[in-house]
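Below are the chains, spelled out letter by letter.
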Amino acid sequence: MSGRTAFVTGGTGFVGANLIRTLLADGWNVRALARPNSDRGNLEGLPLEIVDGDLFAAHLSDAMQGSDAVF
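Digging into the nonpolar core
Logical step 1: Counting twelve residues, the largest nonpolar core is built from Ala6, Val8, Ala17, Ile20, Leu23, Leu24, Trp28, Val30, Ala32, Leu43, Leu48 and Ala69.
Logical step 2: Sort the elements by how many residues they give to this core and helix α1 (residues 14–25) lands first, with four residues.
Logical step 3: If near-sequence neighbours (up to four positions away) are discounted, Leu23 is found in contact with Ala6, Val8, Trp28, Val30 and Phe71.
Logical step 4: If you look at the next biggest cluster of nonpolar residues, it comprises five residues, including Phe7, Leu33, Val51 and Leu60.

This is how it looks when you write it as structure tokens:
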């Protein structure tokens, strides 16, 4: 990945998925946090990395490393 990277929590939700589309259209690389059992259909086909977990996941700070912005 090159360029700016955004880490988006709640990426599978309505607001998160639309934010992700906006960021991708603006040239950002995106990592999206998603619960393992969440419906990810609204992210299908998008060029992003999905990180399994939630806001209480022990690996969250590691997953955010290298991000230029967190939403």
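Comments concerning the pairing of strand β1 (residues 5–8)
Logical step 1: Covered by surrounding structure in β1 are Thr5 and Phe7 together with Ala6 and Val8, the residues of both alternating faces.
Logical step 2: Strand direction decides the pairing type here: β1 and strand β2 (residues 29–34), joined by four bridges, are parallel. The residue of β2 that forms the bridge with Phe7 is Arg31.
Logical step 3: Taken together, β1, α1 and β2 constitute a β-α-β crossover, and its handedness is right-handed.
Logical step 4: Note that β1 and strand β4 (residues 69–70) share two bridges and pair parallel. Among the inter-strand pairings, Ala6 is bridged to a residue of β4, identified as Ala69.

A word on the side chain of Thr5
Logical step 1: Inspection of the secondary structure assignment puts Thr5 in strand β1.
Logical step 2: Residues within four places of Thr5 in sequence aside, it is in contact with Trp28, Asn29, Arg31, Gly66, Ser67, Asp68 and Ala69.

As for the sheet that holds β1
Strands pair in a sheet through their backbones, by hydrogen bonds, and they do so in one of two ways: parallel or antiparallel.
Logical step 1: Spatially, the four strands line up as an open sheet ordered β3-β2-β1-β4, and their pairing is parallel. Edge positions in the sheet fall to β3 (49–52) and β4, since each has one partner strand and no second.
Logical step 2: Two strands pair when backbone bridges link them, and β2 and β3 are joined in this way by four bridges, in the parallel orientation. When the bridges of β3 are listed, Arg31 appears paired with Glu49.
Logical step 3: The sheet contacts of α1 involve β1 and β2, and relative to β1 the element is tilted by about 175 degrees.

Analysis parameters
Residues numbered from 1 in each chain as written. Predicted model: local features only at pLDDT ≥ 70, side-chain atom pairs only at ≥ 80, totals over all residues. Heavy atoms only, no water. Core = buried A, V, L, I, M, F, W, Y, C linked by side-chain atoms within 4.5 Å. Buried < 20%, exposed > 50% of the residue type's maximum accessible area, 1.4 Å probe, protein only. Helix = DSSP H or I, 4+ residues; strand = E, 2+ residues; numbered from the N terminus. Contact = heavy atoms within 4.5 Å. Pairing = 2+ DSSP bridges. Right-handed = clockwise from strand over helix to strand, strands pointing away. Axes fitted to C-alpha atoms, helices over the stretch in contact; angles between N-to-C directions.

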